[in-house]
Amino acid sequence: MKRLILFALFTAPFWVAGQGTPLKPLPEFTYITPQMNKHQLDSLIVALNPYELSLGFDTVVYDEHKMIKEVNGSLDTKNEFFPLSTTNFKGITIISRGDTIAVIMGLLHPPLKK
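Because the structure is predicted, anything quoted here is derived from the model rather than measured.

J.: Looking at this model, I keep getting lost on the overall build of the protein. Mind explaining?
T.: Secondary structure summary: the protein contains two helices and six strands in total. Ordered by position from N to C terminus, the α and β elements of the protein give α-β-α-β-β-β-β-β. Long-range pairs, those at least 24 residues apart, make up 38% of the contacts in the protein between residues at least 6 apart in sequence. Total accessible area computed for the protein in this model is approximately 8700 Å², and 61% of it derives from carbon and sulfur atoms.

Below you can see the structure in the form of structure tokens.
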């Protein structure tokens, strides 16, 4: 019994430290702009994974000015599927409010704060 208590006392700090920290909430507005390069898109895909958002691109075509011209892919959530497909890419806005996610093809800037 003494060994069990000592074991519990020694392992408890490590067990508590390993529980992790809660996720910060997803920003209200997340943008995918035509100026993003492949590395930035890949970073965004990885950053959205902890929020149970799966962003995937089947096709990303850049023009001669290194701006995204065409995109095909999807954003998957727990209960929604948003196809992303355009040949005249202007941007994508992902809006998150609480448990609600919305995807807008095009850049929608947040309202001005008063």
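J.: Any chance you could explain the confidence of the model for the protein here in plain terms?
T.: Detail in the predicted coordinates should be disregarded across regions flagged by low pLDDT. Summing up the model confidence of the protein, the mean pLDDT is 80 and the portion of residues at 70 or higher is 80%. When mean pLDDT is compared element by element in the protein, strand 2 (residues 54-62) scores highest at 90, while helix 1 (residues 2-17) scores lowest at 62.

J.: Got a minute to help me understand the pairing of strand 6 (residues 100-105) in this structure?
T.: If a strand is regular, its side chains alternate between the two faces of the sheet. Bridge analysis of strand 5 (residues 92-97) against strand 6 gives six bridges, and the strand direction is antiparallel. In the sheet register, I95 faces strand 6, and the bridge partner there is A102. In sequence, strand 5 turns back onto strand 6 through a hairpin of two residues, with G98 there showing a positive phi of about 65 degrees.

J.: Explanation requested: the nonpolar core in the structure shown.
T.: Nonpolar side chains tend to gather and get buried jointly when the protein is soluble and globular. Counting 19 residues, the largest nonpolar core has I32, L48, L55, L75, I92, I94 and V103 as the members making the most contacts within it. Secondary structure elements with two or more residues in this core: helix 2 (38-48), strand 3 (68-76), strand 4 (81-86), strand 5 and strand 6. The leading source of residues in this core is helix 2, at four residues. With residues near it in sequence (within four places) discarded, V103 still touches L75, F82, L84, I92, T93 and I94.

What counts and how
Residues numbered from 1 in each chain as written. Predicted model: local features only at pLDDT ≥ 70, side-chain atom pairs only at ≥ 80, totals over all residues. Heavy atoms only, no water. Helix = DSSP H or I, 4+ residues; strand = E, 2+ residues; numbered from the N terminus. Contact = heavy atoms within 4.5 Å. Areas by Shrake-Rupley, 256 points an atom, 1.4 Å probe, with all protein chains shown as cover. pLDDT = per-residue confidence, 0-100. Pairing = 2+ DSSP bridges. Core = buried A, V, L, I, M, F, W, Y, C linked by side-chain atoms within 4.5 Å. Buried < 20%, exposed > 50% of the residue type's maximum accessible area, 1.4 Å probe, protein only.

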